[in-house]
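Tertiary structure, described
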Amino acid sequence: MTALLDLSHTACRAALADGAPVFLPVNPVEYHGPHLSLHNDRLITAGFITDLHARLAADRGWPLLAVDDLEVGVDPVPGAGSRGQPLHVVARLVRDACDALADLGARRVVLMTFHGSPRHSVALEAGVRRLTRRGVRVVNPFNAVLHRMVRGPEDEHWGRVLEAAREVDPGVAEAMAELDFDYHAGLLETSLALHYAPDSVHELHKDLPPCPPIPQVLPVGLAARLFGALGARRLSRDLEFASIGMGWYQLQPFPGYTGAPHLATAALGGAMASMAVEILHETTEQVFAGAAASPPPILPWTAPLTLNGRLSTLQNWTD
């Protein structure tokens, strides 16, 4: 991986003039239970960047150009070491970084993250809009993964992800049934960490009990059922996703992880990574070809509902 900003100014401009995309990772320092690194989102993002670039550059000869992780994020999970910033601050920092890349001559930019807070995605969208206005092809492909996760079993691609995982390890079939609510540091994320950064995973994950059952937040859960009965399946699913996420924060003591991290394996992480990179690659190629816009954030209504973070009602409920 070439650190773009370590190159001379002339070399930066020459590399970007050739059309190679620049990867801009944006992740918070965040508690991921007792078994994962505070930099877990950054570590997994680095793995995704390497794999995604290999596919993008297969027939183009593009070098892997990346800048340092911005190390900021909206709504990190609470816990020792977590460090978050308000939505407007992250949006400003992302815009500034995007402007700097455009000033250097970037023609293609990939905003990368593994932090799934809806309002974090809204903050990154500020960079997408800024670069689009400046004529740069830009994509935040992780949104495509998040949209499939929110849709859960209703999404054909996500269904194939679950099936591939079951084939790798049939023993996790029961846990897989709830994988679409495996928000944070659970079976999915721990397996990805074992695949991309095994030295960062503490072996105590094998002895962690599964996360206790997560209650739905009643008003939101009732709204989800109501809209489902009215046929608004997408909104119903969004509200169900939000309700479970908010309910997780009501668990006492707060576990800091979801799902069943004790079942995680590197082999399962490799299978999940392969399927995720397939989504990232397809999404990025479409945007670079001008055939599609960058996918929008999930649950974008969470930003205006909280006055862009000025209200705390929905803060800190999903990674």
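To keep things clear, this report deals only with the structure shown in the data block. Because the structure is a prediction, the values reported are computed rather than measured. (Residues numbered from 1 in each chain as written. Predicted model: local features only at pLDDT ≥ 70, side-chain atom pairs only at ≥ 80, totals over all residues. Heavy atoms only, no water.)

Every second residue of strand E2 (residues 22-25) is oriented toward a common face, with Val22 and Leu24 on one face and Phe23 and Pro25 on the other, all of them buried. Summarising the sheet, E2 and strand E3 (residues 65-66) pair through two bridges and their orientation is parallel. Each bridged residue has a counterpart across the sheet, and for Phe23 the counterpart in E3 is Ala66. Handedness of the crossover joining E2 and E3 through helix H2 (residues 40-56) is recorded here as right-handed. Bridge count for E2 against strand E4 (residues 108-112) is four bridges, and the pairing is parallel. In the strand pairing of E4, Val22 is matched with Val109. (Buried < 20%, exposed > 50% of the residue type's maximum accessible area, 1.4 Å probe, protein only. Helix = DSSP H or I, 4+ residues; strand = E, 2+ residues; numbered from the N terminus. Pairing = 2+ DSSP bridges. Right-handed = clockwise from strand over helix to strand, strands pointing away.)

The strand order E1-E3-E2-E4-E5 describes an open sheet built from five strands, whose pairing is parallel. Where the open sheet ends on each side, the last strands, each with one partner, are strand E1 (2-3) and strand E5 (137-139). Along the sheet, helix H11 (residues 266-288) makes contact with E4 and E5, crossing E5 at roughly 155°. (Contact = heavy atoms within 4.5 Å. Axes fitted to C-alpha atoms, helices over the stretch in contact; angles between N-to-C directions.)

As a further point, take helix H1 (residues 9-17). Turning to H1, its buried residues number three or more, namely Cys12, Ala15 and Leu16. The arc enclosing the buried residues of H1, seen along the axis, measures out at 95°, which places them on a common side. Elements in contact with the buried residues of H1: E2, E3 and helix H3 (87-104). Once H1 ends, the next one or two residues include Gly19, with phi positive near 95°. (Arc of directions from axis to C-beta.)

Attention now goes to the nonpolar core. Grouped together as the largest cluster of nonpolar side chains are 84 residues, with contacts concentrated most on Phe23, Phe48 and Leu192. Beyond its immediate stretch of four places on either side in the chain, Leu192 contacts Ile44, Phe48, Phe114, Ala197, Gly269, Met272 and Ala273. (Core = buried A, V, L, I, M, F, W, Y, C linked by side-chain atoms within 4.5 Å.)

Here we come to the side chain of Arg108. Tracing the chain through its elements places Arg108 in strand E4. One buried charge, Arg108, has no salt-bridge partner; the nearest side chain with opposite charge is Glu285, at 7.5 Å. A distance of 2.7 Å separates a polar side-chain atom of Arg108 from the backbone oxygen of Gly19. Those residues in contact with Arg108, other than ones at most four positions away along the chain, are Gly19, Ala20, Pro21, Val22, Trp62, Val136, Arg137 and Phe288. (Lys, Arg positive; Asp, Glu negative; His and termini not counted. Salt bridge = Lys/Arg side-chain N within 4 Å of Asp/Glu carboxyl O. Polar contact = N/O pair within 3.5 Å; in protein donor to acceptor, adjacent residues only side chain to side chain.)

Turning next to the pairing of E4. Among the five residues in E4, five count as buried, and that is most of the element. Along E4, one buried face is formed by Arg108, Val110 and Met112 and the opposite face, lined by Val109 and Leu111, is buried too. Strand direction decides the pairing type here: E4 and E5, joined by three bridges, are parallel. The residue of E5 that forms the bridge with Arg108 is Arg137. You can see the chain leave E4, run along helix H4 (residues 118-133) and come back into E5, and the turn it takes is right-handed.

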